[in-house]
Amino acid sequence: MTRAVRFAYAQARIQARFARLPSDADWQQLAGVRGLAGFLEEARAGTLRYWVKPLSGASDSHDIEVGLRAVFREQVAEIAGWLPEPWRDAVWWTRWLVLIPLFERLARGGGLPDWIGRDHDLQELLDESGSLDPGRVRRAGAGGLLGAGTEPATLWLTEWRRRWPPLKSESLHNLEDLATLLARHLEDFRRATPENAWALRRLLRARLGHLFHRRPLQPAVVFIYLALVLLDM
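Every value quoted in this text rests on a predicted model; they were computed, and no experiment measured them.

Conventions used here
Residue numbers here run from 1 along each chain, matching the order of that chain's written sequence. For a predicted model such as this one, the threshold for reporting local features is a pLDDT of at least 70, and the threshold for listing and counting side-chain atom pairs is 80 or more; totals across whole chains, interfaces and linings nevertheless cover every residue. Note that water and hydrogens are dropped before the side-chain values are worked out from all heavy atoms of the structure. Any carboxyl oxygen of Asp or Glu that lies within 4 Å of a side-chain nitrogen of Lys or Arg is treated as forming a salt bridge with it. The way it works is that DSSP assigns letters per residue, a run of H or I at least four long becomes a helix, a run of E at least two long becomes a strand, and they are numbered from the N terminus. Three labels apply to residues, based on accessible area from a 1.4 Å probe with only protein chains included: buried if under 20% of the type maximum, exposed if over 50%, partly exposed otherwise in between. For helices, the fitted axis covers only the stretch in contact; all axes are lines through C-alpha atoms, and the angles between them, taken along N-to-C directions, range from 0 to 180 degrees. Any angle between 65 and 115 degrees counts as roughly perpendicular, while under 35 counts as roughly parallel, over 145 as roughly antiparallel, and the rest as oblique. Two residues qualify as a contact provided that any one of their heavy atoms is within 4.5 Å of a heavy atom in the partner residue. Think of it as three bins: nonpolar holds Ala, Val, Leu, Ile, Met, Phe, Trp, Tyr, Cys and Pro, charged holds Asp, Glu, Lys and Arg, and polar takes everything else, Gly as well. When we speak of the arc, we mean the arc of directions from the helix axis to the C-beta atoms.

Student: Account for the pattern of salt bridges, with residues named and values stated.
Tutor: The tally for this structure, following the rule as stated, stands at 21 salt bridges. For the salt bridge of Lys-53 with Glu-74, the shortest nitrogen-to-oxygen distance reads 3.3 Å. You can see Lys-53 sitting in the loop between α3 (36–43) and α4 (61–82) and its partner Glu-74 sitting in helix α4, a full 21 residues away along the chain. The exposed category is assigned to Lys-53, whose relative accessible area is 53%. A salt bridge links Arg-163 to Asp-89, with the shortest nitrogen-to-oxygen separation between them at 2.7 Å. Separated by 74 residues along the polypeptide, Arg-163 in the loop between α9 (152–162) and α10 (169–191) and Asp-89 in helix α5 (residues 85–93) bring together distant segments of the chain. On the basis of relative accessibility, which here comes to 14%, the residue Arg-163 falls in the buried class. The network of salt bridges with common partners includes Glu-65, Arg-69, Arg-73, Asp-119 and Asp-121.

Okay, structure coming up:
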């Protein structure tokens, strides 16, 4: 399969997945459900059924986040497998996005949270004493998040750009536009209060959806879709 054909195949699969993302109507329906067990029962009958499979009515917040991280890693691995080989490294790097808050906490001198012991993938990054082991982090492929004196989110973005294959100017421009949009909204979310966070989320989701439809057959579509998945999760 040629690179162009494989990329077109991946785009078709991603378009189909995009159509399965929850709509505003789905979220409004779920917003009226009381209790986690009821939410999960409703979610399993709709578009979120693929994401809530690791969860039960007895899950607490840490169980939910562990489960969703695992589902996201599965999504990343699947999409990377659809794409031409030159793009797999950049896509695979997105699996570390869910751990940026953890690395930020550590960079500011915070200790490891207790919930880290529940996540098998995170346990593999620890040494025998239960501390983060830089050697194991590097062997796991996340060494790009360990730079001293630099915010982990900035380190992540620098490493992501480094993993892009050579690009035509239009593709490069589209990816840079996406990076700028996400960075701007990240700052807005950091300053947001609980009262306006949902409105910010809806705004970002609408902008990402608009970009998704305006970038057919562009590499940016892959990362726009993954950004939408993370936002919904």
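Let us keep going from here.
Student: Give a detailed account of the packing of α10 against helix α11 (residues 194–214), specifying residues and quantitative values.
Tutor: Packed helix pairs are specified by the crossing angle of their axes together with the interaxial distance, meaning the distance between the axes. At a minimum axis distance of 11 Å, the contact between α10 and α11 shows a crossing angle of 175°. Taken together, α10 and α11 sit at an angle that is classed as roughly antiparallel. In contact with Leu-178, Leu-181, Leu-182, His-185, Asp-188 and Phe-189 of α10, α11 contributes Ala-197, Leu-200, Arg-201, Leu-203, Leu-204, Arg-207, Leu-208 and Leu-211. Of the residues in the contact of α10 with α11, the class split is ten nonpolar, one polar and three charged.

Student: Residues and numbers for α9, please.
Tutor: Of all the positions in α9, only Pro-152, Leu-155, Trp-156, Glu-159 and Trp-160 are classed as buried. Considered in projection along α9, the buried side chains sweep an arc of 135° and stay on one side of the axis. Next to the buried residues of α9 lie α5, α6 (100–107), α10 and α12 (220–232).

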